[in-house]
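In case you want the letters, here they are:
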Amino acid sequence: MTPQVADNSSIASPDGREVAIQTTGLTKVYGSGNTEVVAMRDADMVVHAGEVVALLGPSGSGKSTFLTAVGLINPPTAGQVTIGGQLVMDGPLPKVNLRAFRRKYVGFVFQKSNLIDFLNARENVQIAMELNGMSSLAARRRAMQLLDSLGVSDRSEHRIAMLSGGQQQRVAVARALANNPKVILADEPTAALDSHRGRQVMELFQRVAREFGAGVIVVTHDHRTLDVFDTIYEMEDGIMREATAKQP
Ligand SMILES: Nc1ncnc2c1ncn2[C@@H]1O[C@H](COP(=O)(O)OP(=O)(O)OP(=O)(O)O)[C@@H](O)[C@H]1O
Ligand SMILES: [Mg+2]
């Protein structure tokens, strides 16, 4: 049998690892005239499949701007976003159907879990797959598996309001993983959790990156969990840089 030749050579980086997310020259200018704010300038990042990246930086430094640009919910003014080897944003211009692409390839976890209150835990996960065209039965089965692997299957039929903050966060992570995304983006997902729960969620991201081969970016202020991450980036005044090696 002839081996299949990949038709998109940009998927692998020079060291042969698959690239999940790549941004080049990502720039965002909000407003114009004397209200103009350059929130992000020339941000470059490469996240490989299976890698977890932390994004640090003071308030207002551009972290959420970066994350929402990568998550295709806030178009950049300039620069490119490439996901799984495919160019998806070229400056403010989408190169794919953003809604469909996001649903299929991107999982988002916000600080407040933004789960749907009137659905139970299982339904919150299930609906993400149904919206993506999966049958109810298959979606239900996979939702249960995900909740089980996140340790909340015993709460599957409980409404969101009946779950603890940590349990809600796990359901949100299950939902973010539902469609096997290439990309998982989390904006301060542990801000509402105590340090023990916070660490558990970070370790979960690491496990998911490894097991599912996703690229994960987590915005965090929690310096105690940085050991979980493969690479640490820092933003300051809209400028992204890779943090230097940990201090001895
Ligand atoms: N919709 C918007 N319109 C105008 N300016 C904005 C908008 N969103 C963000 N900004 C500005 O862009 C800059 C970066 O904001 P951003 O939300 O990305 O920061 P952040 O690093 O996520 O901060 P925090 O840690 O407080 O969440 C800030 O100066 C902010 O005021
Ligand atoms: Mg923010």
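Rules used throughout
Residues numbered from 1 in each chain as written. Chains lettered and ligands numbered in written order. Predicted model: local features only at pLDDT ≥ 70, side-chain atom pairs only at ≥ 80, totals over all residues. Heavy atoms only, no water. Core = buried A, V, L, I, M, F, W, Y, C linked by side-chain atoms within 4.5 Å. Buried < 20%, exposed > 50% of the residue type's maximum accessible area, 1.4 Å probe, protein only. Helix = DSSP H or I, 4+ residues; strand = E, 2+ residues; numbered from the N terminus. Contact = heavy atoms within 4.5 Å. Axes fitted to C-alpha atoms, helices over the stretch in contact; angles between N-to-C directions. Parallel < 35°, antiparallel > 145°, perpendicular 65-115°, else oblique. Left-handed = near helix turned anticlockwise from the far one by under 90°. Nonpolar A, V, L, I, M, F, W, Y, C, P; charged D, E, K, R; others polar. Near = heavy atom within 4 Å. Polar contact = N/O pair within 3.5 Å; in protein donor to acceptor, adjacent residues only side chain to side chain. Areas by Shrake-Rupley, 256 points an atom, 1.4 Å probe, with all protein chains shown as cover. Salt bridge = Lys/Arg side-chain N within 4 Å of Asp/Glu carboxyl O. Expected span 1.5 Å × (residues − 1).

*Asks:* Any chance you could explain the nonpolar core here in plain terms?
*Replies:* Considering soluble globular proteins, one finds that nonpolar side chains tend to be buried as a cluster. Of all hydrophobic cores here, the largest spans 40 residues; its most connected members are Val125, Val171, Phe205 and Phe229. The set of elements that each furnish at least two residues to this core consists of strand E3 (52-56), helix H3 (121-130), helix H4 (136-149), helix H5 (165-177), strand E8 (183-187), helix H6 (195-212) and strand E9 (215-219). Excluding residues that lie within four positions of it along the chain, Phe229 makes contacts with Val52, Val53, Ala54, Met202 and Val218. One finds Ala43, Leu67, Val88 and Tyr233 within the second-largest nonpolar core, a separate group that totals 30 residues.

*Asks:* How should the packing of H3 against H5 be read in this particular structure?
*Replies:* Two quantities define a packed helix pair, namely the angle between the axes and the distance from one axis to the other. Put simply, H3 and H5 touch, their axes get as near as 8 Å, and they point 20 degrees apart. Taken as axis vectors, H3 and H5 run roughly parallel relative to one another. The handedness of the crossing between H3 and H5 comes out as right-handed. Residues Ala121, Asn124, Val125 and Ala128 of H3 form the contact with H5, whose own contacting residues are Val171, Ala174 and Arg175. In terms of residue class, the contact of H3 with H5 is built from five nonpolar, one polar and one charged.

*Asks:* Would you take a moment to explain the site of ligand 1 for this structure?
*Replies:* All residues adjacent to ligand 1 are Tyr30, Val37, Ala39, Pro58, Ser59, Gly60, Ser61, Gly62, Lys63, Ser64, Thr65 and His221. The contact in question runs from an oxygen atom of ligand 1 to an N or O atom on the side chain of Ser59, over 2.6 Å. One nitrogen or oxygen atom from the side chain of Ser64 is found 2.9 Å from an oxygen atom belonging to ligand 1. Out of a free accessible area of 640 Å², ligand 1 has 58% covered by protein chains. Counting only elements with at least two residues in the shell around ligand 1, the list comes to strand E2 (37-48) and helix H1 (63-70). Counting residues per element, the shell around ligand 1 draws most heavily on H1, at three residues. For the shell around ligand 1, a count of residues per class yields four nonpolar, seven polar and one charged.

*Asks:* Would you take a moment to explain the pattern of salt bridges for this structure?
*Replies:* Any two side chains of opposite charge can pair, so long as their charged atoms come close to each other. In this structure the tally under the stated criterion is eight salt bridges. Across the pair Glu203 and Arg199 runs a salt bridge whose closest N-O atoms are separated by 3.4 Å. Of this pair, Glu203 and Arg199 both sit in helix H6, four residues apart, which is roughly one turn of the helix. The class of Glu203 is partly exposed, set by a relative accessible area of 37%. Here Asp222 ties to Arg224 by a salt bridge, and the two come within 3.1 Å at their closest N and O atoms. Connected through shared salt-bridge partners, Arg199, Glu203 and Asp227 make up one network.

*Asks:* Is there a simple way to explain H5 in this structure?
*Replies:* At 3.6 residues per turn, the α-helix brings residues three or four places apart onto the same side. Taking 1.5 Å of rise per residue, 13 residues should cover 18 Å, and H5 covers 18 Å from first to last C-alpha, within 8% of that figure. Within H5, 11 of the 13 residues are buried, leaving the element largely enclosed by the surrounding structure. Where H5 is buried, its residues touch strand E7 (106-109), H3, H4, E8 and H6.

*Asks:* Looking at this model, I keep getting lost on the environment of Gly16. Mind explaining?
*Replies:* Tracing the sequence through the fold places Gly16 in the segment before strand E1 (19-30). Among the residues examined, Gly16 registers a relative accessible area of 53% and is labelled exposed. Through-space distance from the C-alpha of Gly16 to that of Leu67 is 25 Å; in sequence the pair is 51 residues apart.

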